[in-house]
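The residues making up each chain are set out below.
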Amino acid sequence: LYKKTESLPEGVEALAPLADAYANPVGESPAVAYILGRADEMFSAFRDAFRIAVRALTEEGAEKSEKYIALLSAQMFFLDVLLSVYTYGEKANRLAQHAFFRLPVVKEKSDEQENAVHLLDAYKKDMKDFSSVFFTYTEDELTALFPKLHRILNTLVYVLRRFDENYRAEKRRIGICEYSDLERYAYLCLRKDGKKTPMAESLAARYVAVYIDEYQD
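Because the structure is a prediction, the values reported are computed rather than measured. Per chain, the residues get numbers from 1 upward, laid out in the order the sequence is written. Local features in a predicted model are, by the rule used here, given only for residues with pLDDT of at least 70; side-chain atom pairs are given and counted only at 80 or more, and totals for whole chains, interfaces and linings are based on all residues. Side-chain calculation: all heavy atoms of the structure are included, whereas hydrogens and water are not.

(A) Seen up close, the overall build of the chain. Counting from the N terminus, the helices are DSSP H or I runs at least four residues long and the strands are E runs at least two residues long. Scanning the chain from terminus to terminus reveals nine helices and two strands. Across the chain, helices and strands are ordered from the amino to the carboxyl terminus as α-α-α-α-α-α-α-α-β-β-α. The C-alpha atoms of the chain give 26 Å as radius of gyration, which overshoots the globular expectation for 217 residues (17 Å, by more than 25%). Dimensions of the chain along its principal axes, counting C-alpha atoms only, are 80 × 50 × 30 Å. By definition in these notes, contact holds between two residues if any of their heavy atoms fall within 4.5 Å. The contacts in the chain between residues at least 6 apart in sequence include a share of 72% that link residues at least 24 apart. Here the globule rule reads 2.2 Å times residues to the power 0.38, and the radius of gyration is calculated from C-alpha atoms.

Quick look at the structure:
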């Protein structure tokens, strides 16, 4: 965790807002907002894929396709319900109450029926996996858990602050810099308190543009 922060301008302090996020109620938590956003992305993607599959099955007109169309339509309705509720608790409750389907038995499947089977298998697996990772708790359980997480994470940030102070002091004592120090100190030379430093202003006056190789790194 420390290695992920040491080249950031804020250093360890970048972790403080993550800890403080758990001081918020569940409905205002950035962590929960992230979960809900990811959930809605997945629900929307499957709903759109099901809509395309239903259209393809209808156009193909193969025997027994109505079984797959009915199953896909039922799941589309369920996904619409999930997308219509906005709180963690409502989504968690509906997922917990949902009974997953059994695929219809069709011996010789058409191409579109095969596609529907693969799509429904992927949906079933992804929904179960997603629920087991992100919707393990009820909203009441999260409400009870958040203050504990807040205390634990604040303790972790405190320990990392102390480590950071001692580690940087030791590096200064023996006169060494790591690559992350070069990144961090270069940034701090150019920007302080969200504003350009005199050094940055001087460089900006001398150069029209800066070309950066390997910028993705």
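More follows now that the structure is in view.
(B) Expanded view of unusual backbone geometry. Its identity as a non-glycine residue notwithstanding, K64 has a phi of 70 degrees, on the positive side. In this structure, K64 sits in the loop between helix 3 (30-60) and helix 4 (65-84). Only protein chains enter the accessibility calculation, which uses a 1.4 Å probe; a residue is then buried when its area is under 20% of its type maximum, exposed when over 50%, and partly exposed in between. When its relative accessible area of 35% is taken as the criterion, K64 is described as partly exposed.

(C) Expanded view of helix 5 (residues 88-97). Within helix 5 the residues assigned to the buried category are Y88, G89, K91, A92 and L95. All buried residues of helix 5 project into a common sector of 165 degrees when viewed along the axis, lining one side. Looking at the packing, one finds that the buried side of helix 5 touches helix 3, helix 4, helix 6 (111-134) and helix 7 (139-174). Here the arc refers to the set of directions running from the helix axis out to each C-beta atom.

(D) Inspection of helix 7 at higher detail. Any helix carries an expected span of 1.5 Å times its number of residues minus one. Taking 1.5 Å per residue, 36 residues should reach 52 Å; helix 7 reaches 51 Å between its end C-alpha atoms and fits that length. At L145, helix 7 shows its largest bend, some 30 degrees, and a proline, P147, comes one to four positions later. If you check which residues of helix 7 are buried, you get L142, F146, H150, V157, L160, D164, R168 and K171. Looking at the buried positions of helix 7, the neighbouring elements they touch are helix 1 (2-5), helix 2 (16-20), helix 3, helix 5 and helix 8 (179-190). After helix 7 finishes, the residue G175 shows a positive phi value of roughly 70 degrees. Consider a residue and the seven residues that end there alongside the seven that start there; fitting an axis to each set, the bend is the angle between those axes.

(E) Here's a closer look at the packing of aromatic side chains. Ring pairs are drawn from Phe, Tyr and Trp, using the six-membered ring of Trp, whenever the two centres fall within 6.5 Å, and their geometry is named by plane angle: stacked under 30 degrees, edge-to-face over 60, tilted for the rest. Applying the stated rule across the entire model yields 13 aromatic pairs. With centroids separated by 6.0 Å and ring planes inclined at 40 degrees, the aromatic side chains of F46 and F50 adopt a geometry described as tilted. A residue pair is termed a helical-turn pair when its members lie 3 or 4 positions apart in one helix, as F46 and F50 do in helix 3 at four residues. Ring plane angle 75 degrees and centroid distance 5.0 Å describe the contact between F50 and Y123, whose orientation is recorded as edge-to-face. Remark: Y123 occurs in helix 6 and F50 occurs in helix 3; sequence separation between them is 73 residues.

(F) Just the packing of helix 3 against helix 4, in detail. It is at 9 Å that the axes of helix 3 and helix 4 come closest, and there the two elements cross at 155 degrees. The orientation of helix 3 relative to helix 4 falls into the category roughly antiparallel. Relative to helix 4, helix 3 is oriented so that their crossing is left-handed. From helix 3, D40, F43, S44, F46, R47, F50, R51, A53, V54, L57, T58 and E60 reach across to helix 4, where they touch S65, Y68, I69, L72, S73, Q75, M76, L79, D80, L82 and L83. Lys, Arg, Asp and Glu make up the charged group, whereas Ala, Val, Leu, Ile, Met, Phe, Trp, Tyr, Cys and Pro make up the nonpolar group; the residues left over, Gly among them, are polar. Here the contact of helix 3 with helix 4 is composed, by residue class, of 13 nonpolar, five polar and five charged. Every angle, taken between N-to-C directions, lies between 0 and 180 degrees, and every axis is a line fitted to C-alpha atoms, over only the stretch in contact when it is a helix. Relative orientations are named as follows: roughly parallel for angles under 35 degrees, roughly antiparallel for angles over 145 degrees, roughly perpendicular for angles from 65 to 115 degrees, and oblique for any other angle. Handedness of each helix crossing follows the sense of rotation of the near helix against the far helix: counterclockwise by less than a right angle gives left-handed, clockwise gives right-handed.

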